[in-house]
Each structure stands twice: as structure tokens, then as C-alpha cells.
Amino acid sequence: MQTINPLVGILMGSRSDWETMKETARTLAALGVAFEAHVASAHRTPDKVIDYVLNAEGRGIRVLVAAAGGAAHLAGVCAGKTHLPVLGVPMKGWSLDGMDSLLSTVQMPAGIPVGTLAIGKAGATNAALLAAAILALGDPALRERLLAYRKAQTEKALADDDLSL
Ligand code: RP5
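Residues numbered from 1 in each chain as written. Predicted model: local features only at pLDDT ≥ 70, side-chain atom pairs only at ≥ 80, totals over all residues.

- Taking an unreviewed UniProt entry as the reference, the protein is identified by name as N5-carboxyaminoimidazole ribonucleotide mutase belonging to Mesoterricola silvestris.
- Taken verbatim from the UniProt record of the protein, the Sequence similarities (unreviewed entry) comment is "Belongs to the AIR carboxylase family. Class I subfamily." (UniProt positions renumbered as here; feature names shortened; annotations may be inferred.)

Have a look at this one:
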């Protein structure tokens, strides 16, 4: 899927990751950040991944979010082919409940950074917020929307203290 003039490119290793990565898409949409999302696997379709990453900057993409599970090499492969910021989201599930995804996303060699988020939906949401924070450094209107999002979140958390039996 794609919105007009996407700034954030979301890649995921399988369609089965989409249920989780919808949180990234929804959060970006809520912040008014244009994005696109594609299935591209470091293992099953490596040429598609490389082609996408090599063309991303020229197409206007400024931040990449890469999600994969198990032997989660997608974010690392992306980071190896671009200087754009790459945020990695480890998928939950599998026999090791996402620990395999987390470690294979986060343990990058010096020189090729991946900003790794939490496993699963929390990481997917936070990838969007971090991508927005990066873009907001050069976009005052987005900065205001991000501050409003955070303020609303704080107000909701404070209102949640209204406990009763
Ligand atoms: C990874 O394998 C994908 O990112 C996904 O998390 C996992 C399972 O993929 P499917 O077998 O469901 O397509 O490459």
C-alpha cells in the first residue's frame, strides 16, 4: 500500500508480518506522515529488497522501517545498502517468541547501524514515532503534530488513574 509522496518505507519479510506492522502504518497515518508498505524478504526475494533500497532515496524515502521474524536479517541487509536511517522491528512468535528476531535484528556489526525497537506491536508503534521524530527535525508542522500526539497520550494516561471498584 502507498500514500502520496511517501517519506517512510515500511518493508516486511512476509505478509504474515502485516498484522503487526499495521501499527506502524496506523501511527504514521495518525501523525500525517506519508508512507508506503511492501512485502520483501531478505531470503525469499533478496533482489526485490536490494532494488527497493537502492532506489528509495531517489524516490523521496527518508526513513526505512524493516520488520522480520526468526532469522530476521531484513533490517541489516537494508542498512548495508543505504545510509538512510533504518529502524528494525523484530516480529513475535516462532519457537523463541521473538528473541531470535530481536537478536538477529539488533546485533549489527560496527559501521552498519540498525535502530532496533521492541518485539512486536510496541516496536511497530514506536518505529513510527521514531521515524516521525527524525522527520520532525526538519518539519515544524510535523513537530507540532508529534507534540500533540504525545500530549494526548499523557492526558489519557493521567485520566486512566481514575480507578474504582
Ligand atoms: C520471516 O519469516 C518473516 O518476516 C516472517 O516474520 C517469518 C514467517 O514468514 P511466513 O512463513 O509466515 O511467510 O522471514
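1. Comments concerning the site of the ligand
Then comes step 1: Around the ligand, the neighbouring residues are Met12, Gly13, Ser14, Ser16, Asp17, Ser41, Ala68, Gly69, Gly70 and Met91.
Then comes step 2: The residue inventory of the shell around the ligand, partitioned by class, reads three nonpolar, six polar and one charged. (Near = placed C-beta within 6 Å. Nonpolar A, V, L, I, M, F, W, Y, C, P; charged D, E, K, R; others polar.)

2. What to know about helix 4 (residues 99-106)
Residues three or four positions apart in an α-helix share a direction because the helix packs 3.6 residues into each turn.
Then comes step 1: Among all positions of helix 4, only Ser101, Leu102, Ser104 and Thr105 are buried.
Then comes step 2: Structurally, helix 4 contributes buried residues whose contacts are with strand 3 (63-68), helix 3 (74-80), strand 4 (86-90) and strand 5 (115-116). (Buried ≥ 20, exposed ≤ 12 C-beta atoms within 10 Å, placed from the backbone. Helix = DSSP H or I, 4+ residues; strand = E, 2+ residues; numbered from the N terminus. Contact = placed C-beta atoms within 7 Å.)

3. Some details on the nonpolar core
Then comes step 1: Counting residues in each nonpolar core, the largest one holds 43 residues, and the members touching the most others are Val8, Leu11, Val65, Ala66, Leu74, Cys78 and Ala131.
Then comes step 2: Where this core is concerned, the elements lending two or more residues are strand 1 (8-12), helix 1 (18-30), strand 2 (35-39), helix 2 (46-56), strand 3, helix 3, strand 4 and helix 5 (121-136).
Then comes step 3: The contacts of Ala66, once residues within four sequence positions are left out, are Leu11, Leu74, Ala75, Cys78, Val86 and Gly88. (Core = buried A, V, L, I, M, F, W, Y, C linked by C-beta atoms within 7 Å.)

4. A short note on the UniProt feature "binding site: substrate" (unreviewed entry) in the protein
Then comes step 1: With numbering aligned to this structure, UniProt lists the feature "binding site: substrate" (unreviewed entry) at Ser14, Asp17 and Arg44. Maximum C-alpha separation among the annotated residues is 14.4 Å over a sequence range of 31 residues, consistent with a single clustered spot.
Then comes step 2: Mapping Ser14 onto the fold places it in the loop between strand 1 and helix 1.
Then comes step 3: Owing to 16 C-beta atoms within 10 Å, Ser14 belongs among the partly exposed residues under this scheme.

5. What about the environment of Phe35?
Then comes step 1: Relative to the helices and strands, Phe35 is located in strand 2.
Then comes step 2: A sequence separation of 32 residues divides Phe35 from Thr3, and the C-alpha atoms of the two residues are 5.7 Å apart.
Then comes step 3: When neighbours within four sequence positions are excluded, Phe35 is seen to be in contact with Thr3, Pro6, Leu7, Val8, Ile10, Ala25 and Leu28.

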